[in-house]
Amino acid sequence: MENKEGFHFTYSAAQQQEVENIRKKYLPKEEDKLEQLRRLHAVPTQKAQRAALVVGVIGALILGTGMSLAMTEIGSALGSLAMVLGIAVGIVGMVLVALAYPLYNRVLEKQRKKIAPDILRLSDELLK
């Protein structure tokens, strides 16, 4: 770097590296093919996890509601009908919880089939 009197100085290698690292943060991001491949590969798993979590959590909440009806003071206040209703609601919750994993596998398989051409195209380009 030069100043008005003609003095010239340079930064050390460590300082130049730090300047480059800071500069990279402000440059526009360019996604290379490997980053695209990684991002595409993660999409099916994320969608499958979201679907399974939603169904599993809803099932657990329904199961808890059924248990509450069957085993607590709320159920006893409603009488013997609450026990039967609580068992029925609990069974519905158990079914939903049990369906979460098969749902995960099904969504994962469908999403992988959906993006397979893009994954194969990008991987072929990277392997050449």
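Fair warning: this is a prediction, and the values are worked out from it, not measured in the lab. (Residues numbered from 1 in each chain as written. Predicted model: local features only at pLDDT ≥ 70, side-chain atom pairs only at ≥ 80, totals over all residues. Heavy atoms only, no water.)

**Digging into the side chain of S123**
Part 1 of the reasoning: By the secondary structure assignment, S123 is in helix α4 (residues 80-127).
Part 2 of the reasoning: Given a relative accessible area of 19%, S123 falls into the buried group.
Part 3 of the reasoning: Separated by 3.0 Å, the side chain of S123 and the backbone oxygen of L120 make a polar contact. (Helix = DSSP H or I, 4+ residues; strand = E, 2+ residues; numbered from the N terminus. Buried < 20%, exposed > 50% of the residue type's maximum accessible area, 1.4 Å probe, protein only. Polar contact = N/O pair within 3.5 Å; in protein donor to acceptor, adjacent residues only side chain to side chain.)

**What about the pattern of salt bridges?**
Part 1 of the reasoning: As enumerated under the stated definition, the model contains three salt bridges in all.
Part 2 of the reasoning: The partner of E125 in a salt bridge is R121, and the shortest N-O contact between them spans 3.5 Å. In this pair, E125 and R121 are both assigned in helix α4, four residues apart and thus about one turn of the helix distant.
Part 3 of the reasoning: Look at the salt bridges and you will find they share partners, linking K33, R121 and E125 into a network. (Salt bridge = Lys/Arg side-chain N within 4 Å of Asp/Glu carboxyl O.)

**A few points about the nonpolar core**
Part 1 of the reasoning: Formed by A48, A52, Y104, V107 and L108, the largest nonpolar core amounts to five residues.
Part 2 of the reasoning: Listing elements by their share of this core, those giving two or more residues are α2 (33-71) and α4.
Part 3 of the reasoning: The biggest single contributor to this core is α4, with three residues.
Part 4 of the reasoning: Discounting residues that sit within four places of it in the chain, L108 has contacts with P44, T45 and A48. (Core = buried A, V, L, I, M, F, W, Y, C linked by side-chain atoms within 4.5 Å. Contact = heavy atoms within 4.5 Å.)

**Digging into the packing of α2 against α4**
Part 1 of the reasoning: Where α2 meets α4, the closest approach of the two axes is 6 Å, and the angle between their N-to-C directions is 175 degrees. One finds that α2 runs roughly antiparallel with respect to α4. (Axes fitted to C-alpha atoms, helices over the stretch in contact; angles between N-to-C directions. Parallel < 35°, antiparallel > 145°, perpendicular 65-115°, else oblique.)

**Remarks on a nonpolar patch on the surface**
Part 1 of the reasoning: Taken together, the side chains of M83, V84, I87, I91, M94, V95 and L99 define a hydrophobic patch exposed on the protein surface, amounting to about 650 Å² of accessible area.
Part 2 of the reasoning: Tracing the chain through its elements places M94 in helix α4.
Part 3 of the reasoning: For M94, a relative accessible area of 48% translates into the label partly exposed. (Patch = residues over 30% accessible without salt bridge, like charges linked within 9 Å, V, L, I, M, F, W, Y side chains within 5 Å. Areas by Shrake-Rupley, 256 points an atom, 1.4 Å probe, with all protein chains shown as cover.)

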